[in-house]
Amino acid sequence: MTVTANRNVVIAFDTWTLAREFRNRGIYVYAREVLGQLREIAAQHGAEVRPFVCNDNEAADFSTTAGFRPVNSALLRHSRLWRYGGGWLSSLRQKPDVIFSPSASTLQIGSRAATVTTIHDVTPVLMPNFAEEKLLRRMRFFLSRAVRTSDRLIAISESCKRDLLRVYGVPESRITVVYSGYDKSLFNTCPPDPQLSKTLLQKHGLERPYVFHHGLMQPRKNLKRLIEAFRLLLSRRRDLDVDLVLAGPLGWRGEELVAAAADSTTRGRVILTGALADDELAAVLKSATMVAIPSLYEGFCLPLVESIACGVPTIAANTSCLPEISGSVLRYFDPESVDEMAASMENVLESDALRKELAMRGAARAQEFDWRKSAEQTLQVLLEAAQAVS
């Protein structure tokens, strides 16, 4: 599909989320993977993608090819200026047919071009305690503006779509659900590199079996309750000798989690590894006995998909998108019940048969998610939006 018979559809790609400071966050992974896939497929679908690049932005890692032409922009180095109109101005100078924002992070002023924005979740509205008030107001403003002014919205789960319909009353016809993918070269059922695993386990003092969780540590991840449930489990089962390992950078109110992990008044060792490189994360994840995802709210939950893709037995909260994304093949618990969470961990740790079942069913479900498929569906939305506006 093309806007005219004489030229390709020009897609301006807002790369603000590819700043290096966001490397361990879901919006960064999403933007990087979709951009990389669009680079491979745009030309054959009659499109030309023009991502903005600068020295401080990892979109610069992608070279020019047919259907893909990076555009240098000095404005991209100035985060605040870019977010409050600089990015939109830069896009308009390219005279695009459609402007694509992979997250609701930049101000959309309006243009004759079609606009498409990916919405990852409605956290600023539904989880108001997840960030400091000043940041929360800004995120709500950007989210509301993007939802109301974009010609088309991409929601990364049916759960996210339902939230958009309920909170903003968006016409359903403007929303398309496109699932994200995951890195299959890293997160798979192949055994981890033995030398790398040995080095990492020694580095972090992982001498016993462990329950694992990874991702940015913030209140909506519900990790304080996970620590409480883990220690409740060990107080009930003196025969269990396991650790709890939490991997990832500290986010908002991270000091509370550090204090909870360091509490030595009850049995149970909690290890914070900090952020890990992708290959290190995959190695530590594959060595886990089980994974627990206790989030109060998620839009897609890439850590869940990565965990089941590695064939690690996984349990999850029964909230938001988690049953949807996991295909209802796992074991689920009320994330506000420490007792129920502890019981779920106990059931998995004491049953070899259950661990094998969760590992097998989870790995099969993970195959449903693929970045190429995600990019193809995203490109289709972009082309349809451009055609409708033209």
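Sequence order as written defines residue numbering, which begins from 1 separately in each chain. Given that this is a predicted model, residues contribute local features only at a pLDDT of at least 70 and side-chain atom pairs are listed and counted only at 80 or more, while totals for whole chains, interfaces and linings are drawn from all residues. In computing side-chain properties, one takes all heavy atoms of the structure into account and sets aside hydrogens as well as water.

A. Focus on the overall build of the protein. Secondary structure summary: the protein contains 14 helices and 13 strands in total. A radius of gyration in this sense is built from C-alpha atoms; the matching globule rule multiplies 2.2 Å by the number of residues raised to 0.38. For 390 residues, the compact-globule estimate of 2.2 N^0.38 gives 21 Å, and the protein sits close to it at 22 Å. Its C-alpha atoms give the protein principal-axis dimensions of roughly 70 × 40 × 35 Å. Per-residue accessibility, obtained with a 1.4 Å probe over protein chains only, is compared with the maximum for each type, and a residue is labelled buried under 20%, exposed over 50%, and partly exposed between these values. Across the 390 residues that make up the protein, the buried fraction comes to 57%. We call two residues contacting when some pair of their heavy atoms lies within 4.5 Å. Considering only intrachain contacts with a sequence separation of at least 6, the fraction spanning at least 24 residues in the protein is 68%. Here the open area of atoms and residues is found with the Shrake-Rupley method and a 1.4 Å probe, where only the protein chains shown may cover a residue. When the accessible surface of the protein is summed, it comes to about 16200 Å², and 48% of that surface belongs to carbon and sulfur atoms. A distance of 5 Å separates the average location of the 48 positive side-chain charges in the protein from that of its 44 negative side-chain charges. Helix and strand definitions follow DSSP, with helices as H or I runs of at least four residues and strands as E runs of at least two, each counted in order from the N terminus. For the charge count, each Lys or Arg is scored as positive and each Asp or Glu as negative, with His and the chain ends excluded. One atom stands in for each charge, and that atom is NZ of Lys, CZ of Arg, CG of Asp or CD of Glu.

B. Structural view of a nonpolar patch on the surface. A cluster of nonpolar side chains, Leu 250, Val 258 and Leu 272, forms an exposed patch at the surface whose accessible area comes to about 220 Å². If you trace the backbone, Leu 272 turns up in strand S10 (residues 270–274). For Leu 272, a relative accessible area of 32% gives the class partly exposed. A patch consists of residues exposed above 30% relative accessible area that lack any salt bridge, with like charges linked at up to 9 Å and nonpolar side chains (Val, Leu, Ile, Met, Phe, Trp, Tyr) linked at up to 5 Å. The salt bridge criterion pairs a side-chain nitrogen of Lys or Arg with a carboxyl oxygen of Asp or Glu, the two atoms within 4 Å.

C. Main features of helix H1 (residues 26–41). One less than the number of residues in a helix, times 1.5 Å, gives the span that helix is expected to have. Counted at 1.5 Å a residue, the expected span for H1 with its 16 residues is 22 Å, and the 23 Å between its end C-alpha atoms agrees. Counting buried positions over the 16 residues of H1 gives 12, a clear majority of the element. When H1 is considered as a whole, its buried residues turn out to be Tyr 28, Val 29, Tyr 30, Ala 31, Glu 33, Val 34, Leu 35, Gly 36, Gln 37, Leu 38, Arg 39 and Ile 41.

D. Local environment of the nonpolar core. Core analysis: the biggest nonpolar cluster contains 111 residues, and Ile 11, Phe 100, Phe 212 and Met 345 have the highest contact counts within it. Leaving out residues up to four positions away in the same chain, Phe 100 has contacts with Ile 11, Ala 12, Phe 13, Asp 14, Tyr 30, Val 34, Val 116, Thr 118, Ile 154, Thr 378 and Leu 382. We define the nonpolar core as a collection of buried residues of types Ala, Val, Leu, Ile, Met, Phe, Trp, Tyr and Cys that are connected through side-chain atoms lying within 4.5 Å of one another. Among the nonpolar cores identified, the runner-up in size contains 15 residues, and Ile 119, Val 122, Leu 164 and Tyr 297 belong to it.

E. Representation of the state of the cysteines. Throughout, disulfides are identified as pairs of cysteine sulfur atoms within 2.5 Å of each other. Counted under the stated rule, the structure contains zero disulfides. Here Cys 310 is not cross-linked by a disulfide; its sulfur's nearest cysteine counterpart is in Cys 190, at 9.5 Å.

F. Representation of the sheet that holds strand S8 (residues 210–214). We call two strands paired when DSSP finds no fewer than two bridges between them. On the basis of which strands lie adjacent, the open sheet formed by six strands has the order S10-S9-S8-S11-S12-S13 and parallel pairing. Where the open sheet ends on each side, the last strands, each with one partner, are S10 and strand S13 (331–333). The mean inter-strand angle of the sheet, taken between neighbouring strand axes irrespective of direction, is 25°. Looking at chain direction, S8 and strand S9 (residues 243–247) are connected through five bridges and run parallel. By the bridge assignment for S9, Tyr 210 is matched with Asp 243. Every angle, taken between N-to-C directions, lies between 0 and 180 degrees, and every axis is a line fitted to C-alpha atoms, over only the stretch in contact when it is a helix.

G. The arrangement of helix H9 (residues 278–286) in detail. Listed as buried for H9 are Leu 281, Ala 282, Ala 283, Val 284, Leu 285 and Lys 286. Residues of H9 that are buried sit in contact with helix H6 (194–203), S8, strand S11 (290–293) and helix H10 (302–309).

H. The arrangement of the confidence of the model for the protein in detail. For the protein, the average pLDDT comes to 93, and 98% of its residues sit at 70 or higher. Residue range residues 1–5 is modelled with pLDDT below 50. Its contacts to residues more than four positions away, or to other chains, number 16 contacts. Confidence of the predictor in every single residue is expressed as pLDDT, which spans 0 to 100.

I. Highlighting the packing of aromatic side chains. Between the rings of Phe, Tyr and Trp (Trp by its six-membered ring), a pair exists once the centres lie within 6.5 Å; its type follows the angle of the planes, with under 30 degrees stacked, over 60 edge-to-face, and the other angles tilted. A full pass over the atoms with the stated rule returns 11 aromatic pairs. Here a set of aromatic residues connected by ring pairs shows up, and it is made of Tyr 84, Phe 141 and Phe 142. Lying over the aromatic face of Phe 68, Arg 39 brings its terminal NZ or CZ to 5.8 Å of the ring centre. Charge-over-ring contacts are defined here by two conditions on Lys NZ or Arg CZ: a distance within 6 Å of the ring centre and an angle within 35 degrees of the ring normal.

J. Region of the structure containing the pairing of strand S6 (residues 152–155). Neither face of S6 is open: one carries Arg 152 and Ile 154, the other Leu 153 and Ala 155, and all of them are buried. By the bridge criterion, four bridges tie strand S5 (residues 114–119) to S6 in an arrangement that is parallel. Along S6, the bridge assignment pairs Val 116 with Arg 152. Inspection of the sheet shows S6 paired to strand S7 (residues 175–177) by three bridges, in the parallel sense.

K. Geometry of the environment of Phe 22. Looking at the element boundaries, Phe 22 is found in the loop between strand S1 (9–13) and H1. Those residues within four positions of Phe 22 in sequence are excluded, and the remaining contacts are Trp 16, Thr 17 and Tyr 28.

L. Spotlight on the sheet that holds S6. Strands sit in the order S3-S2-S1-S4-S5-S6-S7 across an open sheet of seven strands; the sheet is parallel. On the outer flanks of this sheet lie strand S3 (71–72) and S7, each paired with one strand and no other. Helix-sheet contacts for helix H2 (residues 79–93) involve S1, strand S2 (47–53), strand S4 (98–101) and S5, and the interaxial angle to S4 is about 145°. Contacts between helix H5 (residues 158–168) and the sheet are confined to S5, S6 and S7, with S7 contributing the most and set at about 160° to the helix.

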